[in-house]
Amino acid sequence: MSEDKTLFQKIIDREVDADIVYEDDQCVAFRDINPQAPTHILIVPRKPIPTVDDIEPEDEELVGHLFTVASDIADEEGLDNGYRTVFNCGDDGQQTVYHLHLHLLGGRQLSWPPG
Ligand code: 5GP
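Fair warning: this is a prediction, and the values are worked out from it, not measured in the lab. (Residues numbered from 1 in each chain as written. Predicted model: local features only at pLDDT ≥ 70, side-chain atom pairs only at ≥ 80, totals over all residues. Heavy atoms only, no water.)

Undergrad: Is there a simple way to explain the site of the ligand in this structure?
TA: Near the ligand lie 16 residues; those nearest to it are Arg31, Asp32, Asn88, Thr96 and His103. One nitrogen or oxygen atom from the main chain of Arg31 is found 2.9 Å from a nitrogen atom belonging to the ligand. The separation between an oxygen atom of the ligand and a polar main-chain atom of Thr96 is 2.7 Å. The fraction of the free accessible surface of the ligand (520 Å²) that becomes covered by protein chains is 83%. The element that contributes the greatest number of residues to the shell around the ligand is helix H1 (residues 7–12), accounting for three residues. Residue composition of the shell around the ligand, by class: seven nonpolar, seven polar and two charged. (Near = heavy atom within 4 Å. Polar contact = N/O pair within 3.5 Å; in protein donor to acceptor, adjacent residues only side chain to side chain. Areas by Shrake-Rupley, 256 points an atom, 1.4 Å probe, with all protein chains shown as cover. Helix = DSSP H or I, 4+ residues; strand = E, 2+ residues; numbered from the N terminus. Nonpolar A, V, L, I, M, F, W, Y, C, P; charged D, E, K, R; others polar.)

Written out as structure tokens, the structure reads:
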């Protein structure tokens, strides 16, 4: 059964180690293993929604919650000058882990457009 779990589900279930910075009954947030900025945190719903395309109307409150958590963590991390939140979706979006996750990136001047 465990083989069916995504990597992030295994982190949520404490089967894989991660530097967890926040958790509540709806989500878990941990530092990205390959950070693209001084602060790079992934905010992951406990519910295993694969991609943005799989978000259902019943998930709208949950997805909104991920953003309020991102904002609170940004405060904790001292990202007073701004930050970026990103959901990658599918192959063209270069999503690699198919368990919805909100990237929180900050602590340096980010460029636009992304590559
Ligand atoms: P995606 O490309 O799907 O939007 O983002 C997946 C993210 O997960 C990447 O930024 C990648 O560095 C991160 N990641 C991959 N494997 C691990 C892991 O084992 N632990 C942690 N903490 N992050 C991971």
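Undergrad: Please explain the pairing of strand S3 (residues 39–45) as it appears in this structure.
TA: As a general feature of sheets, a regular strand has side chains that alternate between the two faces. Taken across its seven residues, S3 has seven buried, putting it largely inside the fold. Across the two faces of S3 the burial is the same, with Thr39, Ile41, Ile43 and Pro45 and His40, Leu42 and Val44 all buried. Across five bridges, strand S2 (residues 27–31) lies against S3 in antiparallel orientation. Residue pairing across strands places Arg31 opposite Ile41, the latter belonging to S3. For S3 and strand S5 (residues 102–106), the ladder comprises five bridges, and the chain directions are antiparallel. In the sheet register, His40 faces S5, and the bridge partner there is Leu105. (Buried < 20%, exposed > 50% of the residue type's maximum accessible area, 1.4 Å probe, protein only. Pairing = 2+ DSSP bridges.)

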